[in-house]
Structure formats: structure tokens, C-alpha cells
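# Observations on the model geometry
What follows is each chain in one-letter form.
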Amino acid sequence: MAQKYIHGFEKKEQDRLIAQADFLEPYVYQGVDLEFTKNLLEVGCGVGAQTQILCRRFPKLQIDGIDLSDAQLKTASKYLSKELKSGRVHLAQQDAQKMRLRRSDYDAAFVCWFLEHVPDPLLVLKNVYKNLKPGGKIYISEVFNHTLFMEPYSPAYLKYWFEFNDLQWELKGHPHVGAQLGNLLKASGFKNINVEIRPFHFDSREPEKRSAFIDYFFDILLSAEKKLIEEKRVSPELIKKMKSEVEIAKKSKNSVFYYSYVRATATK
Ligand SMILES: C[S@@+](CC[C@H](N)C(=O)[O-])C[C@H]1O[C@@H](n2cnc3c(N)ncnc32)[C@H](O)[C@@H]1O
């Protein structure tokens, strides 16, 4: 894990992961085709938010989920009690940089909002490659945090976001890893690499979605508030300004929200 996990493991944060998975489901699962896949490796499964969606959408899947954190896995075992009981899901505490798995011939792998948190994303992808069967497919959805923008221009919001990402970088995370996915997959040995930049771009044409995305992102920003204050990276004044900019953007008729994440797929 990056030296300290930027979001933390409190209940509020674990609930945020479940809300996030539901909120982004229509986007993240666009183009995910696991209809005829049996054994799936989910790397960095967290509290099981994606695991549950995967089980619901693809009834034939058997999922092995790994995560490094005890706290996440404890919550996952409650959240996924039905799936665990039926034997569809198996959870294990593992560092994705040193995977020791129960099989080495997975049909597919699923990695979502994860590589940003590890010091060595290349090592993770090399490990996934090793544990896929020939022809096995990997689906990755990752952040590209540099792309966040809000109109009206919101300097305190962007300054806070810079500090958020710079802290993550200092903690040996990779807040812009989405931009590197093509390089990382190639260096791991994958073939048929496809990288898609997927924008969230909302303006006065879709005011409800715009407002929902501003709120959703604001929660992400606030998830690091405590750490950023502890590290003296942001002041209470900056936070106050940022909050008022978000309020202005929410009320302004012509505000714009923009962020891109990156979807990559590849095969062994
Ligand atoms: C943002 S959460 C994403 C969880 C899940 N993929 C989702 O979309 O809800 C990132 C997860 O990565 C886990 N993690 C961080 N470093 C790890 C590592 N080296 N090996 C395995 N899991 C790790 C954290 O414990 C956390 O649960």
C-alpha cells in the first residue's frame, strides 16, 4: 500500500466506496463483458462494493477478491455474506505486489480505483499477467486526477486538489496513473491493449447530473480533509474558500464539471 492510505478506513469512507460503486456503475461497467467468464481475480476489492455488482451483473462469475487491509476485508465479509456463503466469492488478505493466489489460470481480472494506491503499479500488473490463463483479459478503471476542472474557475478547489494529489504522490501513490496504463500494460507483457479516456463533462444541458457529479467529487476531496490539515498542506481558510466555490458552482446556471478517468483492457 502507499505509505498511508489517503482515504483512510473509517466507516464513513467504507460507506463512500459502496456509494461510489453504485453511483459510477453505469459508467464503469460500460464495455465490461464477463458474461461467459468463470474465474475472475479482483485486485484491491476493498469492502466488496464492485464484487457485489460483478456478482449481480454476471451470475456465472466466481470471484477471488484480494485486498491488503484487514479492516476492508472485515467489512467486505459482512457486505458479501450472501455471496461468500454461496461460494461465489472468496476473499484473501494479500499485498497485490506479492500475490500468492489459489490458482494461476484466471479467465479475467478486474482492477478498479486501485493502482493509484500502490507504490509499484507495474509489479501489480506483472503479477496479474502471471496469474491469467493465455488469452485471459484484464479490465482496468483508474483515475487521471490532473484532469479535474470546474467552471466558474475555482482556484481554491484546484489548489486543494493539487495538495490532495501531491500528498498522495508523496505517500508513494499514483494519482495520475490512468495516463500511464498503456505503458504499464505494455511493459507487463499484455497484448491487444486498448486505452480509452472517458470524460465526465456536464454543463447546463444536464444540470442534475452536473450537480450530482459536483457533490460526488466534493466527497472525494473531503475524504482527505483530515490528513491534509494534519500534514499542514491546507489551511482552514483554503477549505472555507473551496467550499464556497463548490456552492457557487452548484448554483450557477452555466457551471461546468469536467473529469476524465481511464479505462484500459488487454489480454495475455
Ligand atoms: C479506493 S479502494 C477501491 C476498492 C474497490 N476496488 C472499489 O472500487 O470499491 C482501494 C483499495 O486498495 C487496497 N490496497 C491498497 N494497497 C494495496 C495492496 N498493496 N494490495 C492489495 N490491496 C491494497 C486498500 O485497502 C483499498 O481497499
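For the structure itself, consult the block above.
All of these numbers come straight from a predicted model, not from anything done at the bench. (Residues numbered from 1 in each chain as written. Predicted model: local features only at pLDDT ≥ 70, side-chain atom pairs only at ≥ 80, totals over all residues. Heavy atoms only, no water.)

## A word on the overall build of the chain
On a plain count of helices and strands, the chain comes out with 10 helices and eight strands. Its C-alpha atoms give the chain a radius of gyration of 19 Å, near enough to 18 Å, the size a compact globule of 268 residues would have. With the C-alpha coordinates aligned to their principal axes, the bounding extent of the chain is approximately 50 × 40 × 40 Å. Counting every position in the chain, which comprises 268 residues, the buried fraction comes to 55%. When contacts within the chain are restricted to residue pairs at least 6 apart in sequence, long-range pairs at least 24 apart make up 82% of them. Total accessible area on the chain is roughly 12,700 Å²; 54% of this is exposed by carbon and sulfur atoms. Here the chain carries 41 positive and 34 negative side-chain charges, and the mean point of each set is 4 Å from the other. (Helix = DSSP H or I, 4+ residues; strand = E, 2+ residues; numbered from the N terminus. Rg over C-alpha atoms; globule rule 2.2 N^0.38 Å. Buried < 20%, exposed > 50% of the residue type's maximum accessible area, 1.4 Å probe, protein only. Contact = heavy atoms within 4.5 Å. Areas by Shrake-Rupley, 256 points an atom, 1.4 Å probe, with all protein chains shown as cover. Lys, Arg positive; Asp, Glu negative; His and termini not counted. Charge placed at Lys NZ, Arg CZ, Asp CG, Glu CD.)

## Here's the deal with the site of the ligand
Taken together, 22 residues sit near the ligand, with G44, D67, D95, A96 and C112 positioned nearest. Note that a nitrogen atom of the ligand is positioned 3.1 Å from one of the backbone N or O atoms of L68. Here a nitrogen atom of the ligand sits 2.9 Å away from a polar atom, N or O, in the main chain of A96. When the ligand is considered free in solution it has 600 Å² of accessible area, and contact with the protein chains removes 99% of it. (Near = heavy atom within 4 Å. Polar contact = N/O pair within 3.5 Å; in protein donor to acceptor, adjacent residues only side chain to side chain.)

## So, the environment of E196
Within the fold, E196 resides in strand β7 (residues 191-202). Classification of E196 by relative accessible area gives partly exposed; the value is 32%. As a C-alpha pair, E196 and P26 span 170 residues in sequence and 16 Å in three-dimensional space. Once residues within four sequence positions are removed from consideration, E196 is found in contact with Y261, V262 and R263. Polar contacts involving the side chain of E196 include one to the side chain of R198, which spans 2.9 Å.

## What about the environment of I239?
Of note, I239 is situated in helix α10 (residues 236-251). In the structure, I239 is positioned 82 residues away from Y157 in sequence and 8.1 Å away in space, judged by C-alpha atoms. Setting aside anything within four residues of it in sequence, one finds I239 in contact with Y160, E225, I229 and V234.

## Some thoughts on the nonpolar core
Core analysis: the biggest nonpolar cluster contains 59 residues, and F217 and F257 have the highest contact counts within it. In terms of residue count, helix α8 (residues 207-222) provides more of this core than any other element does, seven residues in total. Those residues in contact with F217, other than ones at most four positions away along the chain, are L148, Y157, W161, F257 and Y259. Counting 26 residues, the second largest nonpolar core, distinct from the first, contains V124, L132, L185 and F190. (Core = buried A, V, L, I, M, F, W, Y, C linked by side-chain atoms within 4.5 Å.)

## Points about the pairing of strand β8 (residues 256-267)
In terms of burial, β8 is a largely internal element, 11 of the 12 residues being buried. Bridge count for strand β5 (residues 132-143) against β8 is seven bridges, and the pairing is antiparallel. From the neighbouring strand, K137 faces β8, where its bridge partner is T267. Inspection of the sheet shows strand β6 (residues 149-151) paired to β8 by three bridges, in the antiparallel sense. Within β8, the residue paired with E151 across the bridge is V256. (Pairing = 2+ DSSP bridges.)

## Observations regarding the packing of aromatic side chains
Per the counting criterion, the structure on display carries 17 aromatic pairs. Considering the side-chain rings of F202 and F213, the 4.7 Å spacing of their centres and the 35° angle between planes classify their relative orientation as tilted. Here F202, found in strand β7, pairs with F213, found in helix α8; they are 11 residues apart in sequence, far enough to count as distant. Here the two residues F202 and F213 agree in accessibility, since each one is buried. The interplanar angle of 50° and the centroid separation of 4.6 Å between the aromatic rings of F217 and Y259 together place this pair among those described as tilted. (Phe/Tyr/Trp six-rings, centres within 6.5 Å; stacked < 30°, edge-to-face > 60°.)

## Comments concerning the pattern of salt bridges
Summed over the entire model, instances satisfying the criterion amount to 15 salt bridges. R57 is paired through a salt bridge with E25; the nearest N and O atoms lie 2.6 Å apart. Of this pair, R57 sits in helix α2 (residues 49-57) while E25 sits in helix α1 (residues 11-28), and the two are 32 residues apart along the sequence. The exposure class assigned to R57 is partly exposed, which follows from its relative accessible area of 34%. On the basis of relative accessible area, E25 is assigned to the buried category, the value being 12%. A salt bridge links D166 to R233; the shortest N-O distance between them is 3.1 Å. Taken together, the residues D166 in helix α6 (residues 155-170) and R233 in the loop between α9 (225-230) and α10 connect sequence positions 67 residues apart. (Salt bridge = Lys/Arg side-chain N within 4 Å of Asp/Glu carboxyl O.)

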